[in-house]
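Take a look at the letters that make up each chain.
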Amino acid sequence: MPEGHTLHRLARRQQRLLGGQVVAVSSPQGRFATEAAILDGMVFARAQAWGKHLVQSYRPVGAGRSRADERLVHIHLGLYGAFTEGTTPMAEPVGQVRMRVVGAQVGIDLRGPNQCALIAPDELDALVARLGPDPLRADADPSLAYEAISRSARPIGALLMDQKVIAGIGNVYRAEVLFRAGIDPLREGKQISRGEFDGIWRDLLRLMPIGVRRGKMHVVRAEHDHGAPSYAVDRPRTYVYRRAGEKCRICGTEVRTSTLDGRNLFWCPGCQT
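Model, not experiment: these values are computed from the prediction. (Residues numbered from 1 in each chain as written. Predicted model: local features only at pLDDT ≥ 70, side-chain atom pairs only at ≥ 80, totals over all residues. Heavy atoms only, no water.)

1. Regarding the pattern of salt bridges
Point 1. A complete count under the given rule lists 18 salt bridges for this structure.
Point 2. Arg13 is paired through a salt bridge with Glu85; the nearest N and O atoms lie 2.5 Å apart. Linking Arg13 in helix H1 (residues 4-18) with Glu85 in strand E5 (residues 82-87), this pair joins segments that are 72 residues apart in sequence.
Point 3. Among the residues examined, Glu85 registers a relative accessible area of 43% and is labelled partly exposed.
Point 4. Across the salt bridge formed by Asp139 and Arg137, the nearest N and O atoms sit 3.2 Å from each other.
Point 5. Residue classification places Arg137 among the buried positions, given a relative accessible area of 18%.
Point 6. Among the ionic contacts, a cluster of salt bridges with common partners joins Arg154, Asp162, Lys164 and Asp261. (Salt bridge = Lys/Arg side-chain N within 4 Å of Asp/Glu carboxyl O. Helix = DSSP H or I, 4+ residues; strand = E, 2+ residues; numbered from the N terminus. Buried < 20%, exposed > 50% of the residue type's maximum accessible area, 1.4 Å probe, protein only.)

Right under this line is the structure:
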């Protein structure tokens, strides 16, 4: 499932390609046809991301900036959702295109999302209220995340993946920031000091914007970025993610793996205490 940096990157790109334009909206697949008919011919006002959720905002031509005029599309890609782009005139749709948005020069197709729904502004407020702070948003309040972590007996590795605690963190960032912090993913949240949490948060503020800019995660420090290859041909190196059984890049201990809340967990027992 795409992590938060991917959704922020998508939102920024869609804003750059379509923002302020009158767009044609359709649903070649048909499952979003009623909603697409409402949006067709409106202005693509903006795209924003909160964690793993992307929200597109549309306004009628000539409308003001009142929230009452907004039409919002909530998109959650899930495991299989993806956007593709094409230049106008767009070719005939290929596959199950849930939503097509076409501007003056570029169009985007959405396939296979877990969620693609027209929502009201108060529904967006309710969605955001359920999410923890997003490190990629300027309005994020990390103290809210620490309050939740410091009261919990759940493992910190589970808490970092809980979108109600911190929005946008997935399996890769979870594994890598805990390694970089030297923290065992099975340590209870209430055993994490404020200083340790602040270090994790600062690291997320360093790493996640790199993912937004480059479109790929870069988590290994320059002095360690050598030796064993990455876990996949087109991926940068990681410290522990998908490196089970291999030697730690720093201490040489064998990287371990287990499962936590149904997700694969990776850590180095030598470096993470």
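2. Section: the UniProt feature "domain: FPG-type" (unreviewed entry) in the protein
Point 1. According to UniProt, the positions carrying the feature "domain: FPG-type" (unreviewed entry) are residues 239-273.
Point 2. Within residues 239-273, the helical portion is 0% and the strand portion 29%, while the C-alpha atoms at the span's ends are 15 Å from each other. (UniProt positions renumbered as here; feature names shortened; annotations may be inferred.)

3. Quick look at the sheet that holds strand E8 (residues 115-119)
Point 1. On the basis of which strands lie adjacent, the open sheet formed by four strands has the order E2-E3-E4-E8 and antiparallel pairing. A single partner strand is all that each edge strand has here, and the edge strands are strand E2 (43-50) and E8. Averaged over all pairs of adjacent strands, the angle between their axes in this sheet comes to 20 degrees, without regard to strand direction.
Point 2. Pairing geometry for E2 and strand E3 (residues 53-59), over seven bridges, is antiparallel. Within the sheet, the bridge partner assigned to Arg46 lies in E3 and is Ser57. (Pairing = 2+ DSSP bridges. Axes fitted to C-alpha atoms, helices over the stretch in contact; angles between N-to-C directions.)

4. Considering the pairing of E3
Point 1. Counting buried residues in E3 gives seven out of seven residues, a clear majority hidden from the surface.
Point 2. Judged by which residues are buried, E3 turns out to be covered on both faces: His53, Val55, Ser57 and Arg59 on one side and Leu54, Gln56 and Tyr58 on the other are all buried.
Point 3. Linking two consecutive strands that pair antiparallel, namely E2 and E3, is a turn of two residues; a positive phi of about 60 degrees is found at Gly51 within it.
Point 4. Sheet analysis places E3 next to strand E4 (residues 71-76), joined by five bridges and oriented antiparallel. Bridged to Tyr58 within E4 is Arg71.

5. What to know about helix H4 (residues 142-150)
Point 1. Every buried residue of H4 is accounted for by Ala145, Tyr146 and Ile149. Seen from one end, H4 has its buried residues packed into an arc of 95 degrees, which puts them on one side.
Point 2. Packed against the buried residues of H4 are helix H5 (156-159) and helix H7 (194-214). (Arc of directions from axis to C-beta. Contact = heavy atoms within 4.5 Å.)

6. Quick notes on the environment of Leu204
Point 1. Position of Leu204 relative to the elements: it lies in helix H7.
Point 2. Spatially, the C-alpha atoms of Leu204 and Asp139 are 15 Å apart, while their sequence positions differ by 65 residues.
Point 3. With residues near it in sequence (within four places) discarded, Leu204 still touches Pro135, Ile169, Val177 and Pro209.

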